[in-house]
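Here's the letter readout for the chains.
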Amino acid sequence: MRYLGLDLGSRTLGIAISDKTGLIAHTYKTIRHNEEYAHLVNVVRDIVKEEEIDAVVLGFPKNMNNTIGPKAELSIKFKEDLEKKITIPIYLQDERMTTSIAQNILIEGNVRRKDRKKVVDQVAATIILQDYLDRKEK
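Here goes a summary of the coordinates provided. Computed from a predicted structure; not experimentally measured.

### What about the pattern of salt bridges?
Tallied over the full model, the rule gives five salt bridges. With a shortest N-O distance of 2.7 Å, Glu 83 and Lys 79 are connected by a salt bridge. Here Glu 83 pairs with Lys 79, and both are found in helix H2 (residues 70–85), just four residues apart, close to one helical turn. On the accessibility criterion, Lys 79 (18% relative accessible area) is buried.

Next up, the structure:
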């Protein structure tokens, strides 16, 4: 099974993809947007078709106290919009702290600040997807 991981932000969509065995996630790309979520849905639909994706894992940014805020509501809406365009399963994955973890990984790898901004959302999507894949295997 092949999975697509998504980290939906207010300006970017970080995308990760799994290998064909569904065990290892790796970065795919970052898409910049201006809150044009309808366009993003179509982009994701095209990637799903092109890469022969079997399921999508969408980051679900709950608050630290486990409540659902505006960003999590946006993820729910995006999931609903995706479900209208694609027929494969879409799972929500808790993504608390993934962007911070991604930033720390890039800093430890001595990636320059300018370069970190270009890939941090891809790395966060990879962490979201890998967390899902690791939990799924248990």
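### Digging into the packing of aromatic side chains
Across all of its chains, the model carries three aromatic pairs by this definition. Taking 6.4 Å as the distance between ring centres and 70 degrees as the angle between the ring planes, the aromatic pair formed by Tyr 37 and Phe 78 counts as edge-to-face. Of this pair, Tyr 37 sits in helix H1 (residues 37–50) while Phe 78 is found in helix H2, placing the two residues 41 residues apart along the sequence. For the ring pair Tyr 91 and Tyr 132, a centre distance of 5.3 Å and an interplane angle of 20 degrees mean the geometry is stacked. Taken together, the residues Tyr 91 in strand S5 (residues 90–94) and Tyr 132 in helix H4 (residues 113–136) connect sequence positions 41 residues apart. Feature note: the residues Tyr 3, Tyr 91 and Tyr 132 constitute an aromatic cluster, connected by ring pairs.

### Quick word on the nonpolar core
Formed by 22 residues in total, the largest nonpolar core has its most connected members in Leu 4, Leu 6, Val 56 and Phe 78. Elements represented by at least two residues in this core include exactly strand S1 (3–8), strand S2 (12–18), H1, strand S4 (55–60) and H2. Residue contributions to this core peak at seven residues, all from H1. With residues up to four places along the chain from it excluded, the contact list for Leu 4 reads Ile 15, Ala 16, Ile 17, Val 44, Ile 47, Val 48, Ile 53, Ala 55, Val 56, Val 57 and Leu 129. Within the second largest apolar cluster, 10 residues are counted, among which are Tyr 3, Ala 125, Ile 128 and Leu 133.

Rules of the game
Residue numbers here run from 1 along each chain, matching the order of that chain's written sequence. Owing to the predicted nature of the model, reporting of local features is limited to residues with pLDDT of at least 70; listing and counting of side-chain atom pairs is limited to 80 or more, with chain, interface and lining totals taken over all residues. Calculated side-chain values reflect all of the structure's heavy atoms, with hydrogen atoms and water omitted. A pair is scored as a salt bridge if a Lys or Arg side-chain nitrogen falls within 4 Å of a carboxyl oxygen belonging to Asp or Glu. Under the scheme used here, helices are H or I runs from DSSP no shorter than 4 residues and strands are E runs no shorter than 2 residues, and both carry numbers assigned from the N terminus. Think of it in three bands: residues with accessible area under 20% of the maximum for their type are buried, residues over 50% are exposed, and the middle band is partly exposed, with areas taken using a 1.4 Å probe on protein chains only. Put simply, two rings from Phe, Tyr or Trp (the six-membered ring, in Trp's case) pair if the centres are within 6.5 Å, and we call them stacked under 30 degrees between planes, edge-to-face over 60, tilted for the rest. What makes a nonpolar core is a set of buried Ala, Val, Leu, Ile, Met, Phe, Trp, Tyr and Cys residues whose side-chain atoms join them at distances within 4.5 Å. Should any heavy atoms of two residues lie within 4.5 Å, those residues are counted as being in contact.

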